[in-house]
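Structure at a glance
Listed here are the chains, written in short residue letters.
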Amino acid sequence: MKKVIVIGAGPAGLACAYQLSKQGVMVTVFEASDAVGGMAKSFDLWGQRVDLGPHRFFSNQKEINGFFKELIQDDFTLVNRQTRIFYNGKYFQYPLKFSNVLRNLSLVTIFQILWDYAIQTIKPIKNPKNLEEWISNRFGKKLYTIFFKHYSEKLWGVKCTQIDADWAAQRIKTLSLTQAVISAIFNNKGNKHKTLVDQFAYPKNGSGTLYERAAKAIETNHGNVQLNTPIKNVLVDSNDKVYGVALTDGSVVEADYVVSTMPLTHLVKGFNEVPKQVEVAIQSLFFRNTILVYFEIEEKDLFEDNWLYIHSPNVKLGRITNFRNWCPSLNKGKNATILALEYWCFEADPIWSQNEDDIIDLAKAELLSINLTPKKTTIINAKIVKVPKCYPVYETGYQEKLDVIINYLKRYENLMPIGRYGSFKYNNQDHSIYMGLMAAEKIVSNNPIDLWAINTDDAYQEKGVVKDVLAP
Ligand SMILES: Cc1cc2nc3c(=O)[nH]c(=O)nc-3n(C[C@H](O)[C@H](O)[C@H](O)COP(=O)(O)OP(=O)(O)OC[C@H]3O[C@@H](n4cnc5c(N)ncnc54)[C@H](O)[C@@H]3O)c2cc1C
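A short tour of the structure in this document, coming up. (Residues numbered from 1 in each chain as written. Predicted model: local features only at pLDDT ≥ 70, side-chain atom pairs only at ≥ 80, totals over all residues. Heavy atoms only, no water.)

**What about the environment of K389?**
How we decide: Numbered from the N terminus, helices here are DSSP runs of H or I no shorter than four residues, and strands are runs of E no shorter than two. Burial classes follow relative accessibility: with a 1.4 Å probe on protein chains only, a residue under 20% of its type's maximum area counts as buried, one over 50% as exposed, and anything between as partly exposed. Working rule for contacts: check all heavy atoms of both residues, and any pair within 4.5 Å makes them a contact. In the analysis that follows, any N or O atom pair within 3.5 Å is treated as a polar contact, provided that within protein one partner can donate a hydrogen and the other can accept it, and provided that, for residues neighboring in sequence, both atoms belong to side chains.
With respect to the element layout, K389 can be found in strand β18 (residues 379–392). Exposure remark for K389: the relative accessible area of 15% places this residue in the buried category. Taking the C-alpha atoms as reference points, K389 and T248, 141 residues apart in sequence, are found 20 Å from one another. Residues within four places of K389 in sequence aside, it is in contact with M39, P263, T265, H266, F287, R288, N289, E347 and Y421. Within the structure, the side chain of K389 is placed 3.5 Å from the side chain of E347, a separation counted as a polar contact.

**Focus: the sheet that holds strand β7 (residues 90–94)**
To keep it simple, the criterion reads: Two strands are said to pair when DSSP picks up at least two bridges between them. A fitted line through C-alpha atoms serves as each axis, taken over the contacting stretch for helices, and the angle formed by two N-to-C directions is quoted from 0 to 180°.
Judged by pairing direction, the sheet is mixed, and its 7 strands sit side by side in the order β7-β6-β15-β16-β17-β14-β18 without closing on themselves. Across the chains shown, the open sheet's two edge strands, defined by having one partner strand only, are β7 and β18. The average angle at which neighbouring strand axes cross in this sheet is 20°, direction not considered. For strand β16 (residues 319–322) and strand β17 (residues 337–345), the ladder comprises 4 bridges, and the chain directions are antiparallel.

**A word on the nonpolar core**
One broad rule of soluble globular proteins: the nonpolar side chains tend to lie buried together. For clarity, the threshold we go by: Residues belong to a common nonpolar core when they are buried Ala, Val, Leu, Ile, Met, Phe, Trp, Tyr or Cys residues joined through side-chain atoms within 4.5 Å.
One finds W156, V234, V245, Y294, I405, L409 and L415 to be the most contacted residues of the largest nonpolar core, which totals 83 residues. Element by element, the count of residues in this core is highest for helix α6 (residues 141–156), at 8 residues. Once residues lying within four places of it in the same chain are set aside, the contact partners of V245 are I5, I7, F30, I231, N233, V234, L235, S251, V252, V253 and V258. Within the second largest apolar cluster, 45 residues are counted, among which are V4, V29, A201 and I449.

**Details of the site of the ligand**
Our working rule: Whether a residue is near a molecule or strand depends on its heavy atoms: it is near if one of them lies within 4 Å of it. A 1.4 Å probe and the Shrake-Rupley method give the accessible areas. Residues count as covered only by the protein chains that appear here. Gly is placed with the polar residues, together with every amino acid not listed as nonpolar (Ala, Val, Leu, Ile, Met, Phe, Trp, Tyr, Cys and Pro) or charged (Asp, Glu, Lys and Arg). Here the limits of each domain have been adopted from an automatic or database domain assignment.
Among the 31 residues in the neighbourhood of the ligand, the closest are listed as E31, P54, H55, R420 and S432. One nitrogen or oxygen atom from the main chain of A12 is found 2.9 Å from an oxygen atom belonging to the ligand. Here an oxygen atom of the ligand and a backbone polar atom of N427 are 2.8 Å apart. Contact with the protein chains hides 92% of the accessible area of the ligand, taken as 1,000 Å² for the molecule alone. Among the secondary structure elements, those contributing two or more residues to the shell around the ligand are α1 (11–22) and α16 (429–445). Tallied by class, residues from the shell around the ligand come to 15 nonpolar, 11 polar and 5 charged. Each of domain 1 (3–45 + 55–80 + 205–282 + 395–459) and domain 3 (287–392) contributes no fewer than three residues to the shell around the ligand.

As structure tokens, then:
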């Protein structure tokens, strides 16, 4: 019988282990932290469940929705998406609504938007290479500046000209301004079913419920999920065969296959000898971290959105989640509301190691400055959660470096690096789940699936109607 080790109990690792365990494969998951779910976990905070920022589940792929439905069954709710952008002192509906944009922008700005769009349409940039070029090509420079530039630069910590166009191609609907205006004017009229943009599935007890149930099912199927067990490195023999993993306490566990969702950079650094060009490539891939500042606020009706994008360059704050507005049962009828404010940074940035009280003071001041809360708001509780390496940065030219690493790793046929930081792909839950399911398929049926090819195309997961994709 095949013996498989999975490193990491996030969506990718657990989807893989769940699928393997269903087919009788001996699988052990080693998880470094004390909980399952990775970045998509849920946890108890001040008497209710919360997630690590907003976690909306959506996919138009049968296998992924099958995994969700098998484990969550009917314990999910459909949340009507309500999100806005804060820019220049005003809130814009997102996805954009035409009347709202008209109300919030001056006639001069609207004229500039149309003018820039016309110029870009007549003379587009051939082969756009970076984020600025890609978005300007579709929407024009002015709209890019208002709705994309500041937010993207906060998120990535580098100029949009340094971010590879790949990211936009994967994450931004391949719409043009003309299509956006048409759909904004008609605002879904004539389309009686909600799309995956308007509505999403959410497990009634938080996004992490899916992974808690997957872990339970793995144990029921005689697999094993070991928490608080970080893997130090993967072990390879002189024939380029992976034969197991070393734990941080020095012990060794052997296996026929290792599926790794630990950061790709750590995985490769754990090998004894790597060629110079691989070492160089590894040094040039980097990640962005998130600091989440949770506030419990003595207010019931702060704002209606599930989350808000804070584009304004006057504050460092990037996004705010309101956990009151996801699934009403989570809040348990409390009078207080829990918000999570997101700050993005590199590991070397001072804020990452700053005193927590100072970060909380900064977050309080910024929250007040964007006119979301009454001036006399009482913050009952505050807590900081740090999420390292959560955004693989698609800096221009990153793909060539990644290719060097992929080509090197392909020699280890029984090692499968998957997942968000595991394969250096800007995955949502659905992409990571799919990678996990496909890794399991590859192990069980020896199918020559190229796991590196997942989430590289422009297939847009939001294209779909909720009623169709979640139907039994
Ligand atoms: C703020 C935020 C908001 C997001 N919003 C959404 C959203 O709305 N919708 C959506 O679909 N996705 C969202 N995502 C993305 C989603 O969380 C990820 O795509 C998903 O969690 C990736 O799953 P994964 O298994 O690839 O990686 P992870 O979730 O990172 O899991 C990897 C696991 O491996 C463990 N690990 C790491 N190193 C080791 C080691 N050496 N030994 C053992 N274990 C190790 C980690 O502790 C972790 O549990 C969001 C992410 C963030 C940070």
